[in-house]
Amino acid sequence: MRDPLDLTLFQQLPLHSLPSLHPKLKSSLENMGISNLFPVQVAVWQETVGPGKFHRDLCVNSPTGSGKTLAYALPIIQLLSTRAVTCLRALVVVPTRDLAFQVKRVFDAIASPLGLRVGLVAGQSSIVEEISELVYAPECELGISYDPEEVSFRVWRQLRSKGDILVATPGKLMDHINTTKGFTLEHLQYLVLDETDRLLCEAYQSWLPAVLELAQSNDDNSFEPSDSFLPNFIVR
Ligand SMILES: Nc1ncnc2c1ncn2[C@@H]1O[C@H](COP(=O)(O)OP(=O)(O)OP(=O)(O)O)[C@@H](O)[C@H]1O
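Heads up: these notes are all about the structure in this document. (Residues numbered from 1 in each chain as written. Predicted model: local features only at pLDDT ≥ 70, side-chain atom pairs only at ≥ 80, totals over all residues. Heavy atoms only, no water.)

Considering the overall build of the protein chain
A count of helical and extended segments in the protein chain gives 10 helices and 10 strands. Among the 236 residues that make up the protein chain, the fraction classed as buried is 47%. Sequence-distant contacts, at least 24 apart, represent 78% of the contacts inside the protein chain between residues at least 6 apart. A total accessible area of about 12,000 Å² is found for the protein chain, and carbon and sulfur atoms account for 52% of it. (Helix = DSSP H or I, 4+ residues; strand = E, 2+ residues; numbered from the N terminus. Buried < 20%, exposed > 50% of the residue type's maximum accessible area, 1.4 Å probe, protein only. Contact = heavy atoms within 4.5 Å. Areas by Shrake-Rupley, 256 points an atom, 1.4 Å probe, with all protein chains shown as cover.)

See below:
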């Protein structure tokens, strides 16, 4: 493990001083009234997109209100902006439904202009509605009722992810891992644990080992063949 970076040594930076920042990401931030990145955001950007380049886990420890959500959301969106096919590549796990809504709003604001879709599973709607938000189901689109227990093999083959990024609470995530056909973590590239201290207090059916195992289960990753390593953002 490297020596930690001291965030108090980082300064705010204006957006225009980040040459690699995607122009649409810059516009989205400006629309949100953001003209500078906060120090934690500068530090994480530099360790991921910037000179530090992203090939390891990051553990971010920074005070409440210091801007940690954008600190991880910005590089993830920037790094996913070149994706050609929609599949679930980033998973953000948070301990509460309220935080899940809050984090999804931040992702939505910067992901949509880049054509990236953000899903939410936090018990906000029925399980069937959540499933229809997560995976394409041909019957669903034809208006025929969709019972996930009765999906034929032919249909199962056609199921694919509707989103690039998913924000989830652990309990709901495990429900979908255990029961939703077509829901897969095999293409996952980024895993974020937000409010890790609270998350790890709860075992939730051993959700973390299950997620790590599923995310690393596919050796035949057709999207990023050289990237078998799953970098994690751990935020508290
Ligand atoms: N670069 C920025 N410029 C201006 N406002 C910002 C910037 N980054 C984040 N904010 C705003 O600062 C507030 C706090 O951000 P955020 O919720 O991400 O902090 P946090 O560190 O995750 O806090 P918590 O620990 O409570 O979750 C939000 O209202 C957010 O919109």
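Having seen it, we continue.
Re the site of the ligand
Around the ligand sit 14 residues in total, of which Asn-36, Gln-41, Gly-65, Lys-68 and Thr-69 are the nearest. Note that a nitrogen atom of the ligand is positioned 2.8 Å from one of the backbone N or O atoms of Asn-36. When the ligand sits alone it has 640 Å² of accessible area, and the protein chains cover 67% of it. Elements represented by at least two residues in the shell around the ligand include exactly strand 2 (36-37) and helix 3 (68-80). By residue number, the principal contributor to the shell around the ligand is helix 3, which donates three residues. Looking at side-chain class alone, the shell around the ligand contains five nonpolar, eight polar and one charged residues. (Near = heavy atom within 4 Å. Polar contact = N/O pair within 3.5 Å; in protein donor to acceptor, adjacent residues only side chain to side chain. Nonpolar A, V, L, I, M, F, W, Y, C, P; charged D, E, K, R; others polar.)

Overview of empty space enclosed by the protein
Applying the stated criterion to the full structure yields one cavity of 30 Å³ or more. The space that makes up the largest cavity amounts to roughly 50 Å³. Lining the largest cavity, in full, are Leu-88, Arg-117, Gly-119, Glu-133, Leu-134, Ser-161, Lys-162, Gly-163, Ile-165, Leu-166 and Phe-183. Elements represented by at least two residues in the lining of the largest cavity include exactly helix 5 (127-134) and strand 8 (165-168). Looking at the lining of the largest cavity residue by residue, the classes come out as five nonpolar, three polar and three charged. (1 Å grid on protein atoms, 1.4 Å probe; cavity = no way out; pocket = protein on both sides within 12 Å on 5 of 7 lines; lining within 4 Å. Points joined across faces, edges and corners; volume = space filled by probe spheres on them.)

Brief notes about the side chain of Lys-68
Locating Lys-68 in the fold gives a position in helix 3. Put simply, Lys-68 is tucked away with no salt bridge, and the nearest opposite charge, on Asp-194, sits 6.5 Å away. Polar side-chain contacts of Lys-68 include one of 3.0 Å to the backbone oxygen of Pro-63. (Lys, Arg positive; Asp, Glu negative; His and termini not counted. Salt bridge = Lys/Arg side-chain N within 4 Å of Asp/Glu carboxyl O.)

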